[in-house]
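This is what each chain is made of:
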Amino acid sequence: MKLIFCYKYQVGVASVTSHSTTSNAVETVTSSSLTFPDPESLSPVEKAKRLASHRAVDEHFPEHAKVVGIGSGSTVVYAVERILQRKDLKDIIFIPTGFQSKELIVNGGLRLGEISGYPVLDVAFDGADEVDSALNCIKGGGACLFQEKLVASCAKKFILVADYRKNSSILGKEWTQGVPIEVVPLAQASVLRILSNMGAQNPQLRMGGKAKAGPIITDNGNFIIDAHFGQIPVELVRQLAAEIKAIVGVVEVGLFVDMADAAYFGNDDGSVSVRGKSDGQDKNDIGKAE
């Protein structure tokens, strides 16, 4: 069974106070209502995610941070778990990339801000669907790619956290569901046709599955198209992203090119592999996060 959310809400524990101005909004929660599972009860993959997230926060959370971005996905839950163990959070604003991360921030008792009011972030932590040898990555499996890219682009440092299954040498090798593309609903048919002409292998409008009749709707009211282009050579990722983005009706593309500063991968043997921008090589470090 796939573990999507690793936290539980305790209703009634926290109360929310909102402070709004014309330029920004901040919500503060008086106490955390999040609980996290016993690490010993986690599956090997979930343990790997937790290890990577804790290590990333330990090494990249600034000592005097003012604004921090929180991404989307199951791995980021563990980054929030580690952040909540810090003692210097009272004056820090946390910016979400979507509904799920907003809930994590609010229910974690952290100060919630909006990217429109805080366009410069000290650091952002986020997951990834696949990361290549140059730290380019595919994101958008959770349909939050526009907000994720906006937050990443506003961060002085962008840190990826994932498990070993997302660690790849080339995009499209492990993640074969396709590059997520957010599109305006009115343009979905024309975008699908153009993507096919560009060489995408059977691009598809992402549907809501059992939970929803019809296509998935993003937080921005748009559709998601998944377009698989096979394995994308590192030197061609930027070109492909630009060509897709140039299509009329495309809002954003789930190819994050030259944006990440480091990627942390939790391995099934209890180690963490770290890939930095400077060398592009993985460095393994044995040791469990506390």
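All residue numbers here refer to positions counted from 1 along the written sequence of the relevant chain. Reporting of local features is limited, given that this is a predicted model, to residues whose pLDDT is at least 70; pairs of side-chain atoms are given and counted only at 80 or more, and all residues count toward the totals for whole chains, interfaces and linings. In computing side-chain values, all of the structure's heavy atoms are included and hydrogens and water are not.

Now for the sheet that holds strand E9 (residues 130-131). Two strands qualify as a pair provided DSSP detects at least 2 bridges between them. Numbering of helices and strands runs from the N terminus, with a helix taken as a DSSP run of H or I at least four residues long and a strand as a DSSP run of E at least two residues long. Pairing is antiparallel in the open sheet, where three strands are placed in the order E9-E10-E16. With partners counted over all chains shown, the strands left at the sheet margins are E9 and strand E16 (255-256), one partner each. In terms of strand pairing, strand E10 (residues 137-138) meets E16 through two bridges, oriented antiparallel. Among the inter-strand pairings, Cys137 is bridged to a residue of E16, identified as Phe256.

This paragraph deals with helix H5 (residues 188-197). The buried label goes to any residue with under 20% of its type's maximum accessible area, the exposed label to any with over 50%, and the partly exposed label to all in between, with areas taken from a 1.4 Å probe on protein chains only. Of all the positions in H5, only Val191, Leu192 and Leu195 are classed as buried. Looking straight down H5, one finds its buried side chains confined to an arc of 100°; they lie on one side. Those residues of H5 that are exposed and angled more than 90 degrees off the buried face are Arg193 and Asn197. The contact criterion used throughout is that any non-hydrogen atoms of two residues lie within 4.5 Å. Where H5 is buried, its residues contact strand E12 (179-183), strand E13 (201-205), strand E14 (223-228), helix H6 (237-245) and strand E15 (250-253). Directions pointing from the helix axis toward each C-beta atom define the arc.

So, on to the sheet that holds E12. For sheets, the rule is that strands pair by backbone hydrogen bonds, running either parallel or antiparallel. Spatially, E13-E14-E12-E15 is the arrangement adopted by the four strands of the open sheet, whose pairing is antiparallel. On the outer flanks of this sheet lie E13 and E15, each paired with one strand and no other. Across the sheet, the mean angle separating the axes of adjacent strands is 25° when strand polarity is ignored. Against the sheet, H6 makes contact with E12 and E15, and its axis sits at roughly 165° relative to E15, the strand it touches most. Between the N-to-C directions of two axes lies an angle of 0 to 180 degrees, each axis being a line fitted to C-alpha atoms and, for a helix, fitted only over the stretch in contact.

Scope: geometric values only; no functional claims are made or implied.
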